Amino acid sequence: MSSQPAQALNITPNFFVKSIPGVVSSLAVRQGTGPLAKILRSNALYPVFQPIVALADASIHSHEALIRGPLNTSFHTPDFLLAAAAREQLNFEFENTCVAAALVRWGDLCESGRLFVNISAEVLVQVIKHCGSMPLIELISAFGVMPRMLVLEITEYERVADMDHLAKVVAEIRSVGVSLALDDFGDGRSSLRLWSQLKPEYVKIDKYFTKNISQHADKLKTIQALQQIAAIFDTDLVAEGIENESDMRVLRDLGISYGQGYFLGRPEVMPLANIEAKVLGLMRDRRVSVFPELRRASSAGSLSRLAVLDAPCVGLSSTNDELASLFLQHETLHAVAVVDGTRPIGIINRSQFMNEFSKLYYREVWGRKHCLVHANLAPRLIERNHNVDELIGILTSDDQRYLSDGFIVTENGRYVGLGTGEQLVRSVTETRIEVARHANPLTFLPGNIPISQHIERLLGSGTEFVACYADLNNFKPFNDQYGYWRGDEMIRLVARIISAHCDPQRDFVGHVGGDDFIILYQSDNWQAQCQEIIAEFGKLAVSLFDESARLAGGIQADDRHGVPRFFPLTTLSIGAVKISCCEFATAEQVASVAARAKHDAKTAGEGLYVRDAILVNASR
Ligand code: C2E
Ligand code: MG
Ligand code: MG
């Protein structure tokens, strides 16, 4: 990294004595015996500069100054220096020296760009208390740096006890043209309140959230949430710690304004004039990145909607006569809940009860007795935001009484109403279908919603891509013959083979449902990859058939009309169509043209069929 000797920076102790009264000239530095005091006295600190890059056009937006101590000593890195400053109680002196060193160097270099300089919130407040803002501005200008080219990066702001005071200090600084950034947002106890209160021009997102973002959907979603906040406060985001191409692409495609990290440029003694040609080439490649998807299908989450009947209930002392009149009043009620206060303890099934009640002399003998004797005292209770996975457990359990009795809906344990078995089945199914639209529960591949979103991103970027629709031939007879378990195996096999023939950074694989898959290729070798997918599937799918079928080259099964006939072994067809964004406006158009290409491919028999998009459009 840097090797600039401190002396070459032309920073003398006198300079600071003149410039920041009471800072470096402080008694603590002059008389300090610790290693940092010595370093400060000998002027051995110097800044290095790391570029901050506009991700949209790969231009250098600014640089961040990062302090360095004497080379080849443990005090070279800021972490050690900061720790020493805390130990020697020289935070104020150390941080001010860092700011001054950065400004002096920047001024000496006659750099015209913006400079980001780190300062802790605590020291910033102290500086303004000591000097007021005007001397600070004069100082900045004296170093040859224009205040509006300076961005103060506030660190350690989460420790601030008096936020209102910090806000006043910041307002004072900004009134003279200096901008503000919150550093390392998301690290530790970052304060959203401070973001809202200070309205900084920039917020730098901590590297934890950018590292490997191309593989972590949760990080991506977090950054999207931060983008929404940034839009509210009119803040530009800077993504820190970009170390590789994939992360850069995802952050660029998300629309993050600026990036910083080793991939774009390391901290160096001399500010970077231009982005390295190789990196520039990669940044200007407009192909769209593939966003990681949340694997939601592994947990279906809670019920999105549970139908609830607003049904009357009976208490512990209610009689059979009262219950009977309730059923007569509410003709459609399939059951009534018995509650103890607000807590449901049983359920009484209408038809079972009415059967008893209509028997000879029942009313005379039992009419004024408790109706509790007819209750099922272990009713199905379902909390309103119940987890769907648990409800699936109910549907598949041995106790199927929910089908006749239905279930009781509660909220925080309190009676809310009733539901029927049929409603339960429908709610669970609808929720699962909704979930599958995000990610297929069988293959965990993205479902229809992310497929559409990705197509829209491709169309929006103006890049060319190839939409492929893959579908199995003779899958139904295979599934009928060997059952759904082996059918699922075959679908998972297709998913595995397709995924293995796609570049995860460039090509998107989606599972529409059943045996239908969509591949959105940006890789140039898409045609060869499709051929390999088809060939590999042909080879591996054979093993899923029984030996007799393998020998016969297929199976005997009923066709859709119930007529027995011979079906050859299952194969894969892929219909492909090249999409250029000027011909298509919506994801739906792309999906329908791809579906037609699939249809052509199936008609033509197994294999790859490439359809001409213009022809399809013209015939639309
Ligand atoms: P920071 O302000 O968040 O600075 C970014 C840190 O991340 C720098 O470490 C930088 O070298 C490092 N970095 C940049 N790109 C990447 C990357 O792609 N991957 C990884 N893993 N790291 C990357 P550095 O220079 O060691 O500084 C550490 C921290 O020390 C800074 O974090 C800042 O909080 C503090 N610091 C540095 N210079 C100063 C200064 O002049 N004054 C004050 N008060 N604090 C400073
Ligand atoms: Mg910083
Ligand atoms: Mg930072």
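Residues numbered from 1 in each chain as written. Chains lettered and ligands numbered in written order. Predicted model: local features only at pLDDT ≥ 70, side-chain atom pairs only at ≥ 80, totals over all residues. Heavy atoms only, no water.

Examining the overall build of the protein
Let me state the cut-off plainly: Under the DSSP-based scheme used, a helix requires at least four consecutive residues in state H or I and a strand at least two consecutive residues in state E, with every element numbered from the N terminus. We take the radius of gyration over the C-alpha atoms and set the globule estimate at 2.2 Å times the residue count to the 0.38 power. When accessible area is computed with a 1.4 Å probe and restricted to protein chains, residues below 20% of their type maximum are described as buried, those above 50% as exposed, and intermediate ones as partly exposed.
A count of helices and strands for the protein gives 26 helices and 21 strands. The C-alpha radius of gyration computed for the protein amounts to 35 Å, which surpasses the reference 25 Å derived for 620 residues by more than 25%, pointing to a less compact arrangement than a globule. Taking the principal axes of the C-alpha coordinates as reference, the protein spans close to 110 × 75 × 45 Å. Split into buried and exposed, the 620 residues of the protein put 51% on the buried side.

Side note on the sheet that holds strand β1 (residues 46-54)
For clarity, the threshold we go by: A pair of strands is labelled paired if DSSP reports no fewer than 2 bridges between them.
Here eight strands make up a closed barrel; going around it, the order is β1-β2-β3-β4-β5-β6-β7-β8 and the pairing mixed. Pairing between strand β3 (residues 114-120) and strand β4 (residues 150-155): six bridges, direction parallel. Note on β4: the bridge partner recorded for Asn118 is Glu153.

So, the coordination of the magnesium ion (ligand 2)
Worth spelling out the cut-off: We call an atom a donor if it is N, O or S and sits within 2.8 Å of the metal, or 3.2 Å for Na, K and Ca. Water is not counted, so some sites may look partial.
In the first shell of the magnesium ion (ligand 2), the protein supplies Glu64 (OE), Asn118 (OD1), Glu153 (OE) and Asp183 (OD), at 1.8 to 2.3 Å from the metal. For the magnesium ion (ligand 2), the single-chain donor residues occur in sequence as E-x53-N-x34-E-x29-D.

A closer look at helix α12 (residues 245-254)
Let me state the cut-off plainly: Note on contacts: a residue pair qualifies if any of its non-hydrogen atoms lie within 4.5 Å across the two residues. Between N or O atoms, a polar contact is any pair within 3.5 Å; within protein, one atom must be a potential hydrogen donor and the other a potential acceptor, and residues adjacent in sequence are included only when both atoms are from side chains.
The buried fraction of α12 is high, at eight of ten residues. Burial in α12 covers these residues: Ser246, Asp247, Met248, Arg249, Val250, Leu251, Arg252 and Leu254. Residues of α12 that are buried in the fold lie against α10 (207-210), α11 (217-233), β7 (236-239) and α13 (277-284). Capping of α12 at its N-terminal end is provided by Asn244; its side-chain oxygen lies 3.3 Å from the backbone amide nitrogen of Ser246. Downstream of α12 by one or two residues, Gly255 has phi in the positive range, about 95 degrees.

Quick look at the coordination of the magnesium ion (ligand 3)
Ideal coordination angles are 109.5 degrees for a metal with four donors arranged tetrahedrally and 90 or 180 degrees for a metal with six donors arranged octahedrally. At the metal site, the magnesium ion (ligand 3) is ligated by Asp183 (OD), Asp184 (OD), Glu240 (OE) and Glu240 (OE), and these contacts range over 1.9 to 2.6 Å. Written as a sequence motif, the donor residues of the magnesium ion (ligand 3) are D-D-x55-E. A separation of 3.7 Å is found between the magnesium ion (ligand 3) and the magnesium ion (ligand 2), which are bridged by Asp183. Taking the relative accessible area as the measure of exposure, Asp183 reaches 6% and is therefore buried. Looking at Asp184, the relative accessible area reads 27%, which means it is partly exposed.

Details of the nonpolar core
Where we set the bar: To define a nonpolar core, start from buried Ala, Val, Leu, Ile, Met, Phe, Trp, Tyr and Cys residues and group those joined through side-chain atoms within 4.5 Å.
Ranked by internal contacts, the top residues of the largest apolar core, which has 68 residues, are Leu124, Leu152, Leu182, Trp195, Ile256 and Leu264. If near-sequence neighbours (up to four positions away) are discounted, Leu264 is found in contact with Pro51, Val53, Leu55, Ile242, Met248, Gly259, Leu272, Ile275, Val279 and Met283. Residues Ile491, Leu493, Trp526 and Ile533 belong to the second largest nonpolar core, which totals 37 residues.

Observations regarding unusual backbone geometry
Of note, the phi angle at Asp234 is positive, near 55 degrees, even though the residue is not glycine. Considering the arrangement of structural elements, one finds Asp234 in the loop between α11 and β7. Positive phi is not limited to glycine here, since Asn474 has a value of about 60 degrees. The topology assignment puts Asn474 in the loop between β15 (465-473) and α21 (475-482). Assessed through its relative accessible area of 25%, Asn474 is described here as partly exposed.

As for the sheet that holds strand β14 (residues 414-419)
This is how the line gets drawn: Axis lines are fitted through C-alpha atoms, for helices just across the contact stretch, and the angle between N-to-C directions can take any value from 0 to 180 degrees.
The three strands are arranged β12-β13-β14 in an open sheet whose pairing can be described as mixed. In this open sheet, the two edge strands, each paired with only one partner strand, are β12 (381-383) and β14. Strand-to-strand, the axes of this sheet are offset by a mean angle of 35 degrees, without reference to chain direction. Judged from the five bridges that link them, strand β13 (residues 407-411) and β14 form a sheet pairing that is antiparallel. Looking at the pairing, Phe407 lines up with Gly419 of β14.

Observations regarding the state of the cysteines
Here a disulfide denotes one covalent bond, and it connects the sulfur atoms of two cysteines. Threshold: The disulfide criterion is simple: two cysteine sulfur atoms within 2.5 Å.
All told, the structure shown has zero disulfides when counted by the stated rule. In this structure Cys468 is a free cysteine whose sulfur lies 3.8 Å from that of Cys530, the closest cysteine sulfur available. Accessibility expressed as a relative area gives 0% for Cys468, which makes it buried.

Things to note about the packing of aromatic side chains
Any aromatic ring pair is given by two values, namely how distant the centres are and how the planes are angled relative to each other. Note the threshold: Centres within 6.5 Å make a pair out of two Phe, Tyr or Trp rings, where for Trp the six-membered ring is used; the pair is then stacked when the planes are under 30 degrees apart, edge-to-face when over 60, and tilted otherwise. Geometrically, a lysine NZ or arginine CZ counts as sitting over a ring once it is within 6 Å of the ring centre and also within 35 degrees of the ring normal.
Here the structure, examined in full by the defined rule, presents 13 aromatic pairs. Geometrically, the ring pair formed by Phe475 and Phe478 is stacked, given 6.3 Å between the ring centres and 25 degrees between the ring planes. Taken together, the positions of Phe475 and Phe478, both in helix α21 and three residues apart, correspond to about one turn of that helix. For the pair Phe475 and Phe478, a shared accessibility class is recorded, and that class is buried. Taken together, the ring pairs connect Phe327, Phe353, Phe357 and Tyr362 into an aromatic cluster. Stacked on the ring of Tyr262, the Lys or Arg Arg266 has its end atom at 3.9 Å from the ring centre. Across the ring face of Phe291, the terminal group of Arg457 is positioned such that the distance to the ring centre comes to 3.4 Å.

A word on the packing of α11 against α12
For any two helices packed against each other, one specifies the inter-axial angle together with the distance between the axes. Condition: Whether a crossing is left-handed or right-handed is set by the direction in which the near helix is turned from the far one by less than a right angle, anticlockwise for left-handed and clockwise for right-handed. In this classification, Asp, Glu, Lys and Arg are treated as charged, Ala, Val, Leu, Ile, Met, Phe, Trp, Tyr, Cys and Pro as nonpolar, and every other residue, Gly included, as polar.
Where α11 meets α12, the closest approach of the two axes is 11 Å, and the angle between their N-to-C directions is 35 degrees. Of the two possible hands of crossing, α11 and α12 adopt the one that is right-handed. Contacts between α11 and α12 involve Leu220, Ile223, Gln224 and Gln227 from the first element and Val250, Leu251 and Leu254 from the second. Of the residues belonging to the contact of α11 with α12, the class tally is five nonpolar, two polar and no charged.

Brief notes about the environment of Lys369
Examined against the element boundaries, Lys369 turns out to sit in the loop between α16 (362-366) and β12. Sequence-wise, Lys369 and Asn320 are 49 residues apart; in three dimensions their C-alpha atoms are separated by 6.1 Å. With near-sequence residues (within four places) excluded, Lys369 lies in contact with Ser318, Thr319 and Asn320.

Here we look at the environment of Ser523
With respect to the helices and strands, the residue Ser523 is situated in the loop between β17 (516-521) and α23 (526-541). The buried category is assigned to Ser523, whose relative accessible area is 10%.

Structural notes on the side chain of Lys219
What counts here: By the counting scheme adopted, Arg and Lys are positive, Glu and Asp are negative, and His together with the chain ends is not counted. The salt bridge definition used is simple: a Lys or Arg side-chain nitrogen within 4 Å of an Asp or Glu carboxyl oxygen.
For Lys219, the location among the structural elements is in helix α11. Here Lys219 sits buried without a salt bridge, and the closest side chain of opposite charge, Asp218, lies 6.8 Å off (N-O distance). Sequence-distant contacts of Lys219, defined by excluding residues within four places in its chain, comprise Tyr208, Phe209, Lys211 and Ile213.

Things to note about the domain arrangement of the protein
Condition: Domain start and stop points were drawn from an automatic or database domain assignment.
Under the domain assignment used here, the protein contains domain 1 (10-284), domain 2 (313-430) and domain 3 (442-618). Once you take the C-alpha centre of each, domain 1 and domain 3 turn out to be 51 Å apart.

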